[in-house]
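Structural characterization, general
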Amino acid sequence: MLDPILLRKDLQTVVDRLQSRGVSFDTERFNDLESRRKAVQTETESLQARRNALAKQIGQLKAKGEDASAVMAESQAVPARLKQLEEELSLLQQQINELLMSVPNLPHASVPVGKSSDDNVEVRRWLPAAAGPDGNPAPLGFAPQDHVALGEPLGLDFDTAAKLSGARFSFMRGPIARLHRALAQFMLDLQTGEHSYTECYTPYIVNSSTLYGTGQLPKFKDDMFAVSKGGGDDDPKVDEHGNAFVREDQYLISTSEITLTSVVRDSIVAGNDLPIRMTAHTPCFRSEAGSGGRDTRGMIRQHQFDKVEMVQIVAPDQSYDALEQMCGHAEQVLQRLGLPYRVMLLCTGDMGFGATKTYDLEVWLPAQNTWREISSISNCENFQARRMQARYRPTPQAKPEFVHTLNGSGLAVGRALVAVLENYQQADGSVVVPEALRPYVGGLTVLKA
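Residues numbered from 1 in each chain as written. Predicted model: local features only at pLDDT ≥ 70, side-chain atom pairs only at ≥ 80, totals over all residues. Heavy atoms only, no water.

Considerations on the nonpolar core
For the record, the criterion: By convention a nonpolar core is built from buried Ala, Val, Leu, Ile, Met, Phe, Trp, Tyr and Cys residues, the set being connected through side-chain atoms within 4.5 Å. Under the scheme applied here, a residue whose accessible area is under 20% of the maximum for its type counts as buried, over 50% as exposed, and between as partly exposed, the area being computed with a 1.4 Å probe on protein chains only. Going along the chain from the N terminus, every DSSP run of H or I of four or more residues is numbered as a helix, and every run of E of two or more is numbered as a strand. Contacts between residues were defined by any pair of non-hydrogen atoms, one from each residue, lying within 4.5 Å.
By size, the foremost hydrophobic cluster in this structure holds 52 residues, and its most contacted members are Leu 183, Met 187, Leu 334, Leu 361 and Leu 421. At 9 residues, the largest contribution of residues to this core is made by helix H7 (residues 175-193). Contact partners of Leu 183, with chain neighbours within four places excluded, come to Leu 337, Val 413, Ala 416, Leu 417, Val 420 and Leu 437. In terms of nonpolar packing, the next biggest core, distinct from the first, is built from 28 residues, Met 1, Leu 11, Val 15 and Val 78 among them.

Thoughts on the sheet that holds strand S7 (residues 250-252)
Rules: Two strands are counted as paired when DSSP detects at least two bridges linking them. Axis geometry follows a simple rule: fit a line to the C-alpha atoms, using only the stretch in contact for helices, then measure angles between N-to-C directions, giving values from 0 to 180 degrees.
Here 3 strands make up an open sheet; going across it, the order is S5-S7-S6 and the pairing antiparallel. Because the sheet does not close on itself, it has two edges, and the strands there are strand S5 (205-207) and strand S6 (226-228). Between one strand axis and the next, the sheet turns by 40° as a mean value, whatever way the strands run. Pairing of S5 with S7 involves 3 bridges; the strand directions are antiparallel. Opposite Val 206, over in S7, you have Tyr 251 as the bridge partner.

A look at the domain arrangement of the protein chain
Selection criterion: Note that the domain bounds reflect an automated or database-derived domain assignment.
Examined at the domain level, the protein chain breaks down into domain 1 (26-102) and domain 2 (117-447). Averaged C-alpha coordinates put domain 1 and domain 2 at centres separated by 49 Å.

Quick word on the sheet that holds strand S9 (residues 276-285)
Across the sheet, which stays open at both edges, the 8 strands sit in the order S1-S11-S12-S13-S16-S10-S9-S4 with mixed pairing between neighbours. On the outer flanks of this sheet lie strand S1 (121-126) and strand S4 (198-200), each paired with one strand and no other. The mean inter-strand angle of the sheet, taken between neighbouring strand axes irrespective of direction, is 25°. In the sheet, S4 pairs with S9 via 3 bridges, with the strands oriented parallel. Bridging across to S9, Glu 199 finds its partner in Thr 279.

Quick look at the structure:
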């Protein structure tokens, strides 16, 4: 959530920066709510001062033995009005928060202005072998097959998945399932063993408060799979310990960024406990898996997919160093696997809702003869922290400040599987196992039908 103080002090700058993302901020509604908030706050402060003056006047009148009944009558009416003002202020603050909950983060000054992915900027590329004449990886030397044709003889089964669940799911058995598992294990071992992330196991179902904190709700409600509805009349209102509670809607996670980042929700972390680095391998569930018929073939866009996520919680002055560091951690996965990739700095119009700066890693897919996103690494600054009320205390006696949160894929497992199949394919349809994965597949060097 944006800083309300920044909106009050420099609204036009906020409007201009949001406009660079293609977002129009409702200044009329904000100014109306803010004007009413100020009026209520001014009246409250004035009435509190009047209450104090009346109390003093009553004391003086009684000390002189004079009649204080008129002043007491005025004083007795004050608490009711203050209570009314308190309720009005609470409602106005709720309305302001609801407005801001649907507003994306402000782009960092270093982010290029643009409307779509066409305006993203390539930062660097890494090729394990000599480039072709166009600067992309050299051709394989034979007509490449896509991952569907390569994977089906190895156990990739979309027909069974469709029978069980419908479109945009996959079923894997045998060699392909083993390779998929090997990729996830390799990624976890790299991030925990060499990059100091703590491995976590998280819930796959979260409540709506958690999703509001990390920014999935309310904007992306239609992209989530809801699994239960809270608040019904028949729902229990007291837990097994006799504690009252409110039932909330629950959803399947679309990424473990949600659960990992929310570890610090409603918390004040000691400054010397930062940075916090966490990683987790989880399935991810997205009801919107692309639109307009794009990528309907294969594993590129699915309703369920696996991902190894990286999250860092850091002090504000460390977040941009952490962003570069996390990008390097994701790159290491691709380099160890020997997969060609490039790093793209996203423009203002292509960034995610909560991000202030994002790098995408795009891996080369020979069958498509193009680069495809395999990781997205973002700095959210204090955008999520404000929503979550996640703070840290720089020193034991210091005033708490909001942390900065960062997240990134390290990597999307299914897309890594696609990239391995296509880049390591041989003319006969077999697939060479990357050297880094061989310890995870019992020393196998080649996968064959």
